[in-house]
Amino acid sequence: MTIQSSEDRILVTPSGVLKERLREEDLVTLDSVGERLGEGGGKLSSCWPNFQHVYRLRCCCNPY
């Protein structure tokens, strides 16, 4: 799962953590180009490239 929390911040659930047991500190925080911000969170899910593609398409079709 992923959500864009602001124009330049994306939260992504990590790989290997049960979604029903997620804690705030488990989330991976990325910038708008997919670079990790800070030390928090675990390993990015293998689905991240798919999510990243959707964000890129959305930005092209529906600018802020």
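The present account deals with the structure reproduced in this document. The structure presented is a predicted model; accordingly, all values stated were derived computationally and were not measured.

Spatially, β1-β2-β3 is the arrangement adopted by the 3 strands of the open sheet, whose pairing is antiparallel. Lying at the two open borders of the sheet, with one neighbouring strand each, are β1 (2-6) and β3 (28-30). Taking each pair of neighbouring strands and ignoring which way they run, the sheet shows an average axis angle of 25°. As paired strands, strand β2 (residues 9-12) and β3 are joined by 3 bridges and run antiparallel to one another. Considered in β3, the bridge of Leu11 is made with Thr29.

The subject of this paragraph is the pattern of salt bridges. Counted according to the given criterion, the structure contains 2 salt bridges. With a shortest N-O distance of 3.3 Å, Arg23 and Glu25 are connected by a salt bridge. Here Arg23 ties to Asp26 by a salt bridge, and the two come within 3.4 Å at their closest N and O atoms. Judged by relative accessible area, Arg23 falls into the partly exposed class, the value being 49%. Taken together, the shared-partner salt bridges connect Arg23, Glu25 and Asp26 into one network.

Criteria and thresholds
Residues numbered from 1 in each chain as written. Predicted model: local features only at pLDDT ≥ 70, side-chain atom pairs only at ≥ 80, totals over all residues. Heavy atoms only, no water. Pairing = 2+ DSSP bridges. Helix = DSSP H or I, 4+ residues; strand = E, 2+ residues; numbered from the N terminus. Axes fitted to C-alpha atoms, helices over the stretch in contact; angles between N-to-C directions. Salt bridge = Lys/Arg side-chain N within 4 Å of Asp/Glu carboxyl O. Buried < 20%, exposed > 50% of the residue type's maximum accessible area, 1.4 Å probe, protein only.

So, to be careful, I would describe these as geometric facts and stop short of saying anything about function.
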